Amino acid sequence: MRFSYRPLSRDESTPSAFIPDSSHKQVYVPLPVAWLLLAGSIISVTLNLVTLYIWIHSTGPFNPLFPQALYSPAQDVLEYKTVKFHSGFGPDLPIYDQPPSDEVDKAWESLYEFAYSKIPRNQAIRLANKTYPILGDEQEYVLALDVFHELHCLDEIRKAMHPDYYPHTTEGINTNHMRHCISSLRQSIMCTADISTIVWQWSERSQAAKERADVLHTCRNFEKIQEWGRDHFAGAMQDMTIYIPDDLNVVS
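Residues numbered from 1 in each chain as written. Predicted model: local features only at pLDDT ≥ 70, side-chain atom pairs only at ≥ 80, totals over all residues. Heavy atoms only, no water.

1. Some thoughts on the packing of helix α4 (residues 146-160) against helix α6 (residues 222-231)
Line of reasoning, step 1. Between α4 and α6, the shortest axis-to-axis distance is 11 Å and the interhelical angle comes to 100°. Classified by the interaxial angle, the pair formed by α4 and α6 is roughly perpendicular. Two secondary-structure elements touch here, α4 through V147, F148 and L151 and α6 through F222, I225, Q226 and G229.
Line of reasoning, step 2. Residue composition of the contact of α4 with α6, by class: 5 nonpolar, 2 polar and no charged. (Axes fitted to C-alpha atoms, helices over the stretch in contact; angles between N-to-C directions. Helix = DSSP H or I, 4+ residues; strand = E, 2+ residues; numbered from the N terminus. Parallel < 35°, antiparallel > 145°, perpendicular 65-115°, else oblique. Contact = heavy atoms within 4.5 Å. Nonpolar A, V, L, I, M, F, W, Y, C, P; charged D, E, K, R; others polar.)

So this is what it looks like as structure tokens:
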């Protein structure tokens with residue numbers, strides 16, 4: 001490869017850059033043009049890197065391409081972490097899996113106690129489904145993140161399994177409410193479709209390959225979502241029999 005350089009002639013006032021010329025032909029690019037090309041390349045690479053950075057940090061390290069296609073006011077707090085599931089067997093059961101007690105009840109209720117949330121109008125208008133205003137403060141709107149509803153449903157099913165301990169749970173297991181809860185949980189499981197892998201490993205004690213459910217999963221950070229619920233807690237449920245005129249979906 002040969003580099004060529006042509007000195008300035010008497011009538012030329014613009015210096016030229018020398019460039020590699022594999023064809024042995026002398027090609028000249030004015031220095032201002034060369035600098036513009038270089039600056040354009042740097043800007044293009046920088047913009048691509050910034051776009052990649054924003055995409056990674058907005059979707060999370062293990063997030064699919066579209067982690068939340070429909071708008072949710074809590075989507076900005078989504079982050080992901082690796083969690084090893086408990087099998088649900090053995091003596092070291094998590095508090096949620098232990099026999100009924102006041103302590104167990106409190107643990108379950110703490111999972112969804114901040115379910116009743118409020119958001120400002122500028123967020124409510126972005127929802128795919130219209131919601132209801134806060135009574136006395138019509139610029140705020142009510143909602144509940146579905147994860148809290150699902151946990152409430154699961155807790156109701158848990159209580160229905162222990163009618164002797166929860167005599168106030170008169171519905172039993174074969175009711176419309178329980179059917180609703182099971183349907184909601186089924187659809188949620190199918191919707192989120194966890195593709196973490198359950199494996200089989202050889203057990204010397206059992207002399208068989210045993211299924212292992214205590215494996216690693218990629219999970220949304222539930223503590224972050226709980227924190228969002230606490231920050232947006234709307235307090236006691238308002239009287240939903242009171243009609244509040246609202247023009248949320250009217251385009252101004």
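Back to the write-up after that little detour.
2. Observations concerning the sheet that holds strand β8 (residues 137-143)
Line of reasoning, step 1. Spatial ordering of the open sheet is given by β6-β8-β7, a layout of 3 strands whose pairing is antiparallel. Here the strands that pair on one side only, and so sit at the sheet edges, are β6 (117-120) and β7 (133-134).
Line of reasoning, step 2. Sheet topology note: the β6/β8 ladder contains 4 bridges and is antiparallel. If you follow S117 over to β8, its bridge partner there is L143. (Pairing = 2+ DSSP bridges.)

3. Considerations on helix α5 (residues 176-192)
Line of reasoning, step 1. Taking 1.5 Å of rise per residue, 17 residues should cover 24 Å, and α5 covers 24 Å from first to last C-alpha, within 8% of that figure.
Line of reasoning, step 2. Within the span of α5, buried status applies to M178, C181, S184, L185 and S188. The buried residues of α5 all sit within an arc of 125° when viewed along its axis, so they share a single face. Seen from the open side of α5, the exposed residues pointing more than 90 degrees away from its buried face are N176, R179, M190 and C191.
Line of reasoning, step 3. Against the buried residues of α5 lie α4.
Line of reasoning, step 4. Where α5 ends, the next residue or the one after it, A193, has phi of about 45°, a positive value. (Expected span 1.5 Å × (residues − 1). Buried < 20%, exposed > 50% of the residue type's maximum accessible area, 1.4 Å probe, protein only. Arc of directions from axis to C-beta.)

4. Side note on the state of the cysteines
Line of reasoning, step 1. Applying the stated criterion across every chain, the model contains 1 disulfide.
Line of reasoning, step 2. Covalent S-S linkage joins C153 and C181, the inter-sulfur distance amounting to 2.3 Å. Taking the sign of the S-S torsion, -75° for the link of C153 and C181, the bridge is left-handed. Residue C153 is found in helix α4, and its partner C181 is found in helix α5; the two are separated by 28 residues along the sequence. (Disulfide = S-S within 2.5 Å.)

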